[in-house]
Amino acid sequence: MDKFKAVILAAGKGTRMESDLPKVLHKVCGQTMVHYVINAAKDAGAMDVIVIVGYQGQLVKREIVDVVDFTEQREQLGTGHAVMCARDMIGTEGDTVILCGDTPLITAETIKKLRELHKKESNGVTVLSAIVEDPTGYGRIIRDAEGNFLRITEHKDCTEEELKVNEINSGMYVFNSEALSFSLDKITNDNSQGEYYLTDTIQIIKTAGLKVNAMPVEDVNEILGVNTKKQLAEAEEIMQERINKEAE
């Protein structure tokens, strides 16, 4: 059985939540958001789950009841930097799924499907994407005329043509662990934010000659990131519906 690990990004403070509680510890239907993400990863077959903590890391560690490994991102220098902090734990074997601690609605089924496609196509990385009505603010998945993946372009860098694209990046990926490791070596923080972006690894992997693709999620709610109290309430409502359906 080849190795499958999960890395969950949970280091952010979540300033827009207007609360001192670390974002991932806000609760949806009585459970912390990060708990749902950990469960989805494990149910999808991840043998090891690594949670990257930062803001109030000790509290996050204390509140997580699941069996996971932790690593700390002391400075918030971007998503690429967060994954770099877990690099030794990720290693170079098998595949690694990168998930966000603030997307409680992601399901094990979707992670499994993403990994199956990743394996079937022998990709270096497979992006979980979504087709949305309003893609404003999201990175777009740019494909060629045949539908092959070309790149992810951040909203602010899109041409007028690219702004019309409604396939967006969810910020979740399955990487070949070796490809992830070598691409992390090559990303720089040479950008206006001075941060290391995980999305930069995708172009590096593609340039190295490995295959890259994106798989649109069937239910767009699954990639709903919770950044505000309003979004938390929305996630709660969707989760409650799910719980009710399962109980039927």
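Parameters and conventions
Per chain, residue numbering runs from 1 following the sequence as it is written. Per-residue local features are limited, in this predicted model, to residues with pLDDT of at least 70; the limit for side-chain atom pairs, both in listing and counting, is 80 or more; totals at the level of whole chains, interfaces and linings are taken over all residues. Only hydrogens and water are set aside when side-chain values are computed; all heavy atoms of the structure are taken into account. The buried label applies to any residue whose accessible area, calculated with a 1.4 Å probe on protein chains only, is under 20% of its type's maximum; exposed applies above 50%, and partly exposed to all values in between. Put simply, DSSP marks the helices as runs of H or I at least four residues long and the strands as runs of E at least two long, and each gets a number from the N terminus on. Two rings belonging to Phe, Tyr or Trp (six-membered ring only in the last case) form a pair when the distance between their centres is within 6.5 Å. Interplanar angles under 30 degrees mark stacking, angles over 60 mark edge-to-face geometry, and anything in between is tilted. Consider the ring centre and the ring normal. A charge sits over the ring if Lys NZ or Arg CZ is within 6 Å of that centre and within 35 degrees of that normal. Salt bridges, as used here, are contacts in which a Lys or Arg side-chain nitrogen is within 4 Å of a carboxyl oxygen on Asp or Glu. Residue types Ala, Val, Leu, Ile, Met, Phe, Trp, Tyr and Cys, when buried and joined through side-chain atoms within 4.5 Å, form a set referred to as a nonpolar core. The contact criterion used is simple: two residues touch if any of their non-hydrogen atoms lie within 4.5 Å.

K.L.:
Even after reading the chapter, I still don't get helix α1 (residues 33–43), so can you show me in this structure?
P.N.:
Residue pairs three or four apart in sequence face the same way in an α-helix, which turns once every 3.6 residues. A large share of α1 lies buried, amounting to eight of its 11 residues. With its phi angle positive at about 110°, glycine 45 sits one or two positions after the end of α1.

K.L.:
Can you help me understand the packing of aromatic side chains in this one?
P.N.:
Each pair of aromatic rings is reported with the distance of its centres and the angle of its planes. In total, this model carries one aromatic pair according to the counting rule given. The ring of phenylalanine 4 carries the charged tip of arginine 115 above its face, separated from the ring centre by 4.1 Å.

K.L.:
What is the right way to look at the pattern of salt bridges in this model?
P.N.:
Oppositely charged side chains may form a pair once their charged atoms are brought near each other. Scanning all chains against the criterion turns up 14 salt bridges. With a shortest N-O distance of 3.8 Å, glutamate 93 and lysine 3 are connected by a salt bridge. Note that glutamate 93 is positioned in the loop between α4 (87–90) and β6 (95–100) and lysine 3 in the segment before β1 (4–10), a separation of 90 residues in sequence. Residue classification places glutamate 93 among the partly exposed positions, given a relative accessible area of 48%. By relative accessible area, which is 40% here, lysine 3 ends up partly exposed. As a salt-bridge pair, lysine 164 and glutamate 161 come within 3.4 Å of each other at their nearest N and O atoms. Lysine 164 sits in the exposed class, given a relative accessible area of 60%. With relative accessibility at 55%, the residue glutamate 161 sits in the exposed group. Through salt bridges that share partners, Asp2, Asp95, Arg115 and Lys119 make up one connected network.

K.L.:
For this particular structure, what's the right way to read the nonpolar core?
P.N.:
Within soluble globular proteins, side chains that are nonpolar tend to cluster in buried spots. Ranked by internal contacts, the top residues of the largest apolar core, which has 37 residues, are Ile8, Ile38, Val49, Val51, Leu99, Ile111 and Leu128. Counting only elements with at least two residues in this core, the list comes to β1, α1, β4 (48–53), α2 (57–63), β6, α5 (108–120), β7 (123–131) and β10 (167–176). Sorting elements by how many residues they give to this core places α1 first, with five residues. Excluding anything up to four places from it in sequence, valine 51 contacts Ile8, Ala10, Ile38, Ile64, Val68, Asp69, Phe70 and Thr71. Counting residues in hydrophobic clusters, the runner-up holds 27 residues, among them Ile52, Val83, Ile98 and Leu184.

This is a description of form; function is not addressed.
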